[in-house]
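Fold and geometry: a report
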Amino acid sequence: QVQLVESGGEMVQPGGSLRLSCAASGTIFNIYTMGWYRQAPGKERQMVATITRGGTTDYADSVKGRFTISRDNARNTAYLQMDYLKPEDTAVYYCYALVQRTSLSYTGAYWGQGTQVTVSS
C-alpha cells in the first residue's frame, strides 16, 4: 500500500506564508506526477499545482506567482510554498501522487487525508 501524509497546514493572517509537505511511503517503485489540490467548503476540489518527476510544473491561475511547488525525489516528498496568502486560499489541501508500486505494476493515483489551511485576520 502507499500512504501520503501531509503536514504544515494552520491558520495564518492574510499576506502570510506557509509551507506544506507531503511524504509518500510504502511500496513505491516510482512516483510520476505529484501535486496539491484544495477544496473549500461547498466547492469542488480543484488543482492547485502539479510537478512531474523531471520538475515540470503547472499552476492554477489563481496561485501563479504566489505558490511554488517542489519535490525531493530521493525522499518521495513534495512541498508547496505558499506566499502572499489570501482569505480565498482557505481550504483543505490534499496531496496527490501518481505511483508505480513495482516495476511490473500499473500506476495508481493516491491521495492524502488533507491538511487545513485557514487565512484569516
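We now turn to the structure provided with this report.

Observations regarding the pairing of strand β7 (residues 67-72)
- Of the two faces of β7, only one is covered, namely that formed by Phe67, Ile69 and Arg71; the face formed by Thr68, Ser70 and Asp72 stays uncovered.
- Turn length for the β7-strand β8 (residues 77-82) hairpin, with the two strands adjacent in sequence and antiparallel, is four residues, and the turn residue Asn76 shows positive phi of about 50 degrees.

A few points about the nonpolar core
- Judged by nonpolar contacts, the single largest core of 30 residues is most densely connected at Met34, Trp36, Val48, Phe67, Leu80, Met82 and Tyr93.
- Contributing elements (two or more residues each) for this core: β1 (2-7), β3 (18-26), β4 (30-39), β5 (46-51), β7, β8, β9 (91-100) and β11 (115-119).
- Sort the elements by how many residues they give to this core and β9 lands first, with five residues.
- Excluding anything up to four places from it in sequence, Val48 contacts Trp36, Tyr37, Arg38, Asp58, Tyr59, Ala60, Val63, Phe67, Leu80 and Tyr93.

Section: the sheet that holds β7
- Across the sheet, four strands lie side by side as β1-β3-β8-β7; this open sheet has antiparallel pairing. Each edge of the sheet is formed by a strand with only one pairing partner; in this case those strands are β1 and β7. The mean inter-strand angle of the sheet, taken between neighbouring strand axes irrespective of direction, is 15 degrees.
- Sheet analysis places β3 next to β8, joined by six bridges and oriented antiparallel.

Procedures and definitions
Residues numbered from 1 in each chain as written. Predicted model: local features only at pLDDT ≥ 70, side-chain atom pairs only at ≥ 80, totals over all residues. Heavy atoms only, no water. Buried < 20%, exposed > 50% of the residue type's maximum accessible area, 1.4 Å probe, protein only. Helix = DSSP H or I, 4+ residues; strand = E, 2+ residues; numbered from the N terminus. Pairing = 2+ DSSP bridges. Core = buried A, V, L, I, M, F, W, Y, C linked by side-chain atoms within 4.5 Å. Contact = heavy atoms within 4.5 Å. Axes fitted to C-alpha atoms, helices over the stretch in contact; angles between N-to-C directions.

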